[in-house]
Amino acid sequence: MDEYEYDQYDEYDHEVKVISINLIKNLNLSEMKVSSLKNLQSLASESEHIRVLLKEVGVVKAMINVVVSCYLNNTIVGLEEALNVLHLVRFTHDDTKSIVSKHDRIIHSLTWVLDLDLFDEEPNTRSMKLHAIVLLKDIIHNAESLILERLNRDFFKSIVLVLQNREINNLEHGIKEVLHVMLTTCTWPRNCSMMVDSGVVFELVEIELGSPEKGVTELIMGVLFHLCSSADGRAQLLGHAAGLAVITKRLTKVSQKVDERALMIISLISKYSGTYGVLKEMMRVGTVEKLCMVLQVNGVHSYSREKAREILKRHSNVWKDSPCLDVTLLTRYPS
């Protein structure tokens, strides 16, 4: 590229920035707000280079102001366009720190979008909710611990509503984004407690019963492991008629990651919630049989094999009559 072409390139960038700045200024004029948003959306959809220019002139802050304003005024005028622009430009780690420090209502605002049941007749409501989920995932993923500690019960109730939304559940991308949000936030015990109280465990089992694709199952098992670290979480899993059975069914059927997480869940249940009734249920739904299978199939130094052996030895007195349990398997490979 010669000097003339560089000059033309700079001139084009300058022109785009001037146009964008004027459009952002026009957002303060009610009669020009929607048309300006549509023009910004059109620019953002053109190329990654233009999206970089838009971010340089402050489009992220401007769109967040629009979303927060819609939330505060309980209106969806301009909401779809603002969410579309934010979805196109996305957030970086530095963006998130700046956004949350200056716009503490953005998480509440995006959560509000997820709860827009009154507008289900709007043709683009689903896309708005999907964009809100993606943006929440970006913010939560890049957020510092202080933000994760400040999430409230309403946030997790909204997450449960999304899980119950079959239209979004049918979209692999949408459900994965929700699960990523959950996996990031459930590392905090307080958040785990609020998730369990909101009924998340039941909804995750219901989704898993639909035999989702591998990536979804891996995320679900990761979240369930954290939730089953609490007595209430384990109780909810066991309280679902298919809870233990679906964990057992996935073992050895999906991936090594799922095997490890499923075994950790089974280990927590057998160790801390292993009543006689629960242990008998494990025999009935095939959990003991699957553990024996893992013990024989995985390599000598496999984590999964060692975890399966540990669980079987812990309750061998209850499971000794199981036709699949060979006591020699439990002693063949010493720890």
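Relevant structure appears above.
Residues numbered from 1 in each chain as written. Predicted model: local features only at pLDDT ≥ 70, side-chain atom pairs only at ≥ 80, totals over all residues. Heavy atoms only, no water.

### Remarks on the nonpolar core
Step number 1: Met-63, Met-182 and Leu-204 are the most contacted members of the largest nonpolar core, which totals 101 residues.
Step number 2: For this core, the element with the highest residue contribution is helix H4 (residues 59-73), accounting for nine residues.
Step number 3: Filtering out sequence-adjacent residues up to four positions away, Met-63 remains in contact with Leu-27, Leu-37, Leu-40, Ala-82, Val-85 and Leu-86. (Core = buried A, V, L, I, M, F, W, Y, C linked by side-chain atoms within 4.5 Å. Buried < 20%, exposed > 50% of the residue type's maximum accessible area, 1.4 Å probe, protein only. Helix = DSSP H or I, 4+ residues; strand = E, 2+ residues; numbered from the N terminus. Contact = heavy atoms within 4.5 Å.)

### Structural notes on the packing of aromatic side chains
Step number 1: Scanning the entire structure with this criterion turns up two aromatic pairs.
Step number 2: Taking 5.1 Å as the distance between ring centres and 90 degrees as the angle between the ring planes, the aromatic pair formed by Phe-155 and Phe-156 counts as edge-to-face.
Step number 3: Under the relative-accessibility criterion, Phe-156 is labelled buried at 1%. (Phe/Tyr/Trp six-rings, centres within 6.5 Å; stacked < 30°, edge-to-face > 60°.)

### Regarding helix H15 (residues 214-227)
Step number 1: Helix length check: H15 (14 residues) gives 20 Å between terminal C-alpha atoms against 20 Å at 1.5 Å per residue, within 8%.
Step number 2: The buried count for H15 comes to 11 of 14 residues, which makes it a mostly enclosed element.
Step number 3: Within the sequence span of H15, burial applies to Gly-215, Val-216, Thr-217, Glu-218, Leu-219, Ile-220, Met-221, Gly-222, Val-223, Leu-224 and Leu-227. (Expected span 1.5 Å × (residues − 1).)

### Brief notes about the pattern of salt bridges
Step number 1: Under the counting rule described, the total for this entry stands at 13 salt bridges.
Step number 2: Ionic pairing is found between Lys-38 and Glu-81, a salt bridge with its closest N-O pair at 3.1 Å. In this pair, Lys-38 sits in helix H2 (residues 33-44) while Glu-81 sits in helix H5 (residues 79-89), placing the two residues 43 residues apart along the sequence.
Step number 3: Residue Lys-38 is classed as partly exposed on the basis of its relative accessible area of 45%.
Step number 4: In this structure Glu-81 comes out as buried when scored by relative accessible area, which is 9%.
Step number 5: Across the salt bridge formed by Glu-177 and Lys-137, the nearest N and O atoms sit 3.3 Å from each other. Of the two residues, Glu-177 sits in helix H12 (residues 172-185) while Lys-137 sits in helix H8 (residues 125-142), which places them 40 residues apart along the sequence.
Step number 6: A network of salt bridges, in which partner residues are shared, links Arg-305, Glu-306 and Arg-309. (Salt bridge = Lys/Arg side-chain N within 4 Å of Asp/Glu carboxyl O.)

### A few points about the side chain of Glu-208
Step number 1: Residue placement: Glu-208 occurs in helix H14 (residues 200-209).
Step number 2: Apart from residues lying up to four places away in sequence, Glu-208 is in contact with Thr-217, Ile-220, Val-246 and Arg-250.

### Thoughts on the side chain of His-131
Step number 1: By the secondary structure assignment, His-131 is in helix H8.
Step number 2: Leaving out residues up to four positions away in the same chain, His-131 has contacts with Leu-83, Asn-84 and His-87.

### What to know about the packing of H2 against H5
Step number 1: For the pair H2 and H5, the least separation of the axes is 9 Å and the interaxial angle reads 20 degrees. Considering their axes alone, H2 and H5 lie roughly parallel with respect to each other. Helix-helix and strand crossings are classified by hand; for H2 and H5 the assignment is left-handed. Here Leu-37, Lys-38, Leu-40, Gln-41 and Ala-44 of H2 lie close against H5, whose contacting residues are Glu-81, Ala-82, Asn-84, Val-85 and Leu-88.
Step number 2: Among the residues forming the contact of H2 with H5, the class breakdown is six nonpolar, two polar and two charged. (Axes fitted to C-alpha atoms, helices over the stretch in contact; angles between N-to-C directions. Parallel < 35°, antiparallel > 145°, perpendicular 65-115°, else oblique. Left-handed = near helix turned anticlockwise from the far one by under 90°. Nonpolar A, V, L, I, M, F, W, Y, C, P; charged D, E, K, R; others polar.)

### Some points on unusual backbone geometry
Step number 1: The phi dihedral of Ser-211 is positive, around 55 degrees, even though this residue is not glycine.
Step number 2: Here Ser-211 is to be found in the loop between H14 and H15.
Step number 3: At Thr-252, a position not held by glycine, the phi torsion is positive, near 75 degrees.
Step number 4: Position of Thr-252 relative to the elements: it lies in the loop between helix H17 (243-250) and helix H18 (256-272).
Step number 5: Residue class for Thr-252 comes out partly exposed when judged on its relative accessible area of 31%.

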